[in-house]
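The primary structure of each chain is shown beneath.
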Amino acid sequence: MILVTGGAGFIGANFVLDWLAQSDEPVINLDKLTYAGNPETLQSLQGDTRHTLVQGDIGDVALVSQLLARYQPRAVVNFAAESHVDRSIHGPGEFIQTNIVGTFNLLESVRGYWQNLPQENRDGGVAPTKNRFRFLHVSTDEVYGSLKKDDPAFTETSHIEPNSPYSASKAASDHLVRAWHHTYGLPVLTTNCSNNYGPYHFPEKLIPLMIVNALAGKALPVYGDGQQIRDWLYVKDHCSAIRRVLEAGRLGEVYNVGGWNEKANIDIVHTVCALLDELRPRADGKPYKDQITYVTDRPGHDRRYAIDARKLEAELGWKPAETFESGIRKTVQWYLDNPDWVAHVQSGAYREWVQKQYA
Ligand SMILES: NC(=O)c1ccc[n+]([C@@H]2O[C@H](COP(=O)([O-])OP(=O)(O)OC[C@H]3O[C@@H](n4cnc5c(N)ncnc54)[C@H](O)[C@@H]3O)[C@@H](O)[C@H]2O)c1
């Protein structure tokens with residue numbers, strides 16, 4: 001049994017779906033179901049006894065302690081967070097609350113549970129023990145700040161220099177996780193991953209926004225000059241990296257996760273447009289790139305991120321399965337094949353579903 005937090009969001013849900021496709025080990029999925037949490041993504045698991053979705057906050061110590069005591073997980077994987085940089089600029093409070101205070105409370109609940117686990121497994125079975133327990137914290141490359149054009153990619157020893165309220169709150173949570181290991185001995189692992197893309201991505205983020213707007217005949221808004229560089233990883237490759245770190249990562253260590261795919265935002269938009277031209281040409285025969293419009297840049301917009309994932313590759317033998325070309329094609333195709341999921345997110349119908357389930 002593992003406890004996943006934020007498992008109704010983009011990466012967490014992909015992780016839960018992949019986990020249960022590959023193993024029968026049950027998952028307790030604790031998610032607050034904010035606007036970013038979408039249980040429709042997990043619809044294929046309805047009635048599956050291996051998956052239990054619990055609506056709740058990682059900061060709710062009583063609830064989390066009760067879940068830990070009841071289900072006795074051998075690991076906690078923490079995806080829960082406020083994750084959208086633009087939202088963090090307009091309203092940083094929620095980011096401080098969930099990403100920092102929430103992580104602190106989660107660590108305290110987990111510490112209380114872990115301290116009372118048996119040192120050794122008395123019956124020789126699979127029940128969790130103090131030694132085998134793991135807390136894996138999922139974080140971002142944005143904690144390292146911004147790179148100049150020719151700087152080498154971020155390694156695990158790069159300075160932590162976050163620039164947005166989002167990245168600052170994630171950096172703070174990474175520091176708390178580190179401190180709970182060094183101070184209390186909690187068996188933690190941290191992963192810092194580059195930008196993810198793939199199925200079930202909320203259409204406020206660059207790639208799904210471009211696909212969805214293009215198909216709707218709307219403008220494709222590109223910040224500033226579009227030359228901001230991000231390093232992209234297909235979400236399922238991020239999930240396989242997390243599984244690998246959980247399995248074999250060294251305690252207290254940080255592992256960078258990335259696929260060596262640095263791309264300027266404008267190039268990403270052109271790639272999406274070209275794929276749509278091929279897979280779903282516009283009725284008027286014109287290219288989708290005609291819909292691109294440049295808009296005022298985001299304040300404090302980081303110029304470049306790049307991740308050096310050699311530690312994870314060398315120590316744990318992890319490799320991404322997708323190239324950027326194969327992953328982006330799969331992603332565009334997924335959005336073309338799943339118009340209902342997109343429509344429900346856009347109309348807000350997925351929120352009604354949440355309210356009905358949890359009224
Ligand atoms: N998206 C990326 O490119 C990326 C890259 C690297 C790391 N990350 C990290 O991975 C994690 C998941 O990112 P994502 O893109 O899936 O985010 P997301 O916004 O799609 O999902 C976050 C999930 O957390 C839930 N949540 C929010 N506050 C909560 C709380 N207080 N208690 C319980 N659940 C809560 C939401 O309901 C949602 O289901 C985050 O920690 C993020 O910082 C994301």
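Refer to the structure above for everything that follows.
Residues numbered from 1 in each chain as written. Predicted model: local features only at pLDDT ≥ 70, side-chain atom pairs only at ≥ 80, totals over all residues. Heavy atoms only, no water.

### Some details on the site of the ligand
- In the vicinity of the ligand there are 28 residues, among which Ile11, Asp31, Ser83, Tyr166 and Lys170 approach most closely.
- Gly9 is positioned with one of its backbone polar atoms (N or O) 2.9 Å from an oxygen atom of the ligand.
- In the environment of the ligand, an oxygen atom lies 2.7 Å from a nitrogen or oxygen atom belonging to the side chain of Tyr166.
- Out of a free accessible area of 830 Å², the ligand has 96% covered by protein chains.
- Elements that contribute at least two residues to the shell around the ligand include exactly α1 (10-22), β5 (134-140), α5 (165-184) and β7 (195-197).
- In terms of residues, the shell around the ligand owes the most to one element, β5, which gives three residues.
- Partitioned by chemical class, the residues of the shell around the ligand number 12 nonpolar, 12 polar and four charged. (Near = heavy atom within 4 Å. Polar contact = N/O pair within 3.5 Å; in protein donor to acceptor, adjacent residues only side chain to side chain. Areas by Shrake-Rupley, 256 points an atom, 1.4 Å probe, with all protein chains shown as cover. Helix = DSSP H or I, 4+ residues; strand = E, 2+ residues; numbered from the N terminus. Nonpolar A, V, L, I, M, F, W, Y, C, P; charged D, E, K, R; others polar.)

### Remarks on unusual backbone geometry
- Of note in this structure, Gln72 is not a glycine but carries a positive phi near 50°.
- You can see Gln72 is positioned in the loop between α2 (61-71) and β4 (75-78).
- Overall, the relative accessible area of 36% leaves Gln72 in the partly exposed class.
- Positive phi, normally seen in glycine, also occurs at Tyr200, with a value near 65°. (Buried < 20%, exposed > 50% of the residue type's maximum accessible area, 1.4 Å probe, protein only.)

### Comments concerning the environment of Thr98
- Secondary-structure assignment places Thr98 in helix α4 (residues 93-115).
- C-alpha separation for the pair Thr98 and Thr5, spaced 93 residues apart in sequence, amounts to 12 Å.
- In this structure, Thr98 is in contact with Lys32, Ile58, Ala80, Ala81, Glu82 and Thr103, ignoring residues within four places of it in sequence. (Contact = heavy atoms within 4.5 Å.)

### A few points about the sheet that holds strand β11 (residues 262-264)
- The strand order across the open sheet built from three strands is β7-β9-β11, with neighbouring strands paired in mixed fashion. One side of each edge strand has no neighbouring strand; the edge strands of this open sheet are β7 and β11. Strand-to-strand twist across the sheet, computed as the mean angle between neighbouring axes with direction ignored, equals 50°.
- Where strand β9 (residues 229-234) meets β11, three bridges bridge the pair, whose relative direction is antiparallel. In the sheet register, Asp231 faces β11, and the bridge partner there is Glu262.
- Against the sheet, helix α7 (residues 235-248) makes contact with β7 and β9, and its axis sits at roughly 70° relative to β9, the strand it touches most. (Pairing = 2+ DSSP bridges. Axes fitted to C-alpha atoms, helices over the stretch in contact; angles between N-to-C directions.)

### Describing the packing of aromatic side chains
- With the rule as written, the count across this model stands at 17 aromatic pairs.
- Following the ring pairs from residue to residue traces out a cluster consisting of Tyr197, Trp232, Tyr234 and Phe324.
- Lying across the ring of Tyr184, Arg111 places its NZ or CZ 3.7 Å from the centre. (Phe/Tyr/Trp six-rings, centres within 6.5 Å; stacked < 30°, edge-to-face > 60°. Lys NZ or Arg CZ within 6 Å of the ring centre and 35° of its normal.)

### Quick look at the pairing of β9
- Of all the six residues making up β9, five are buried; the element is thus mostly covered by neighbouring parts of the structure.
- Relative to β9, β7 is paired through three bridges, and the arrangement is parallel. Paired with Tyr197 across the strands is Tyr234, a residue of β9.

### Focus: the pattern of salt bridges
- Scanning all chains against the criterion turns up 21 salt bridges.
- For Glu204, the salt bridge goes to Arg87, with nearest N and O atoms at 2.8 Å. Placement of Glu204 in the loop between β7 and α6 (206-215) and of Arg87 in helix α3 (residues 85-90) is noted, with a sequence separation of 117 residues between them.
- On the accessibility criterion, Arg87 (35% relative accessible area) is partly exposed.
- The salt bridge involving Arg304 is made with Glu262; its shortest N-O contact spans 2.8 Å. (Salt bridge = Lys/Arg side-chain N within 4 Å of Asp/Glu carboxyl O.)

### A look at the packing of α6 against helix α8 (residues 265-279)
- For the pair α6 and α8, the least separation of the axes is 10 Å and the interaxial angle reads 40°. Regarding the angle of α6 to α8, the classification is oblique. Handedness of the α6/α8 crossing: right-handed. Residue-level inspection shows Leu206, Ile207, Met210, Ile211, Ala214 and Leu215 of α6 in contact with α8, the latter providing Asn265, Ile268, Val269, Val272 and Leu276.
- Among the residues forming the contact of α6 with α8, the class breakdown is 10 nonpolar, one polar and no charged. (Parallel < 35°, antiparallel > 145°, perpendicular 65-115°, else oblique. Left-handed = near helix turned anticlockwise from the far one by under 90°.)

### What to know about the nonpolar core
- If you look at the biggest cluster of nonpolar residues, it comprises 34 residues, and the most contacted ones within it are Val4, Phe15, Val77, Phe79, Leu136 and Leu312.
- Where this core is concerned, the elements lending two or more residues are β1 (2-5), α1, β4, β5, β6 (188-193), α7, β10 (254-257) and α9 (310-316).
- A total of eight residues in this core trace back to one element, the largest contributor, which is α1.
- Aside from chain neighbours lying at most four places away, what touches Val77 is Leu3, Val4, Thr5, Phe15, Leu136, Val138, Ile242 and Leu246.
- If you look at the next biggest cluster of nonpolar residues, it comprises 32 residues, including Tyr234, Tyr288, Ile292 and Val332. (Core = buried A, V, L, I, M, F, W, Y, C linked by side-chain atoms within 4.5 Å.)

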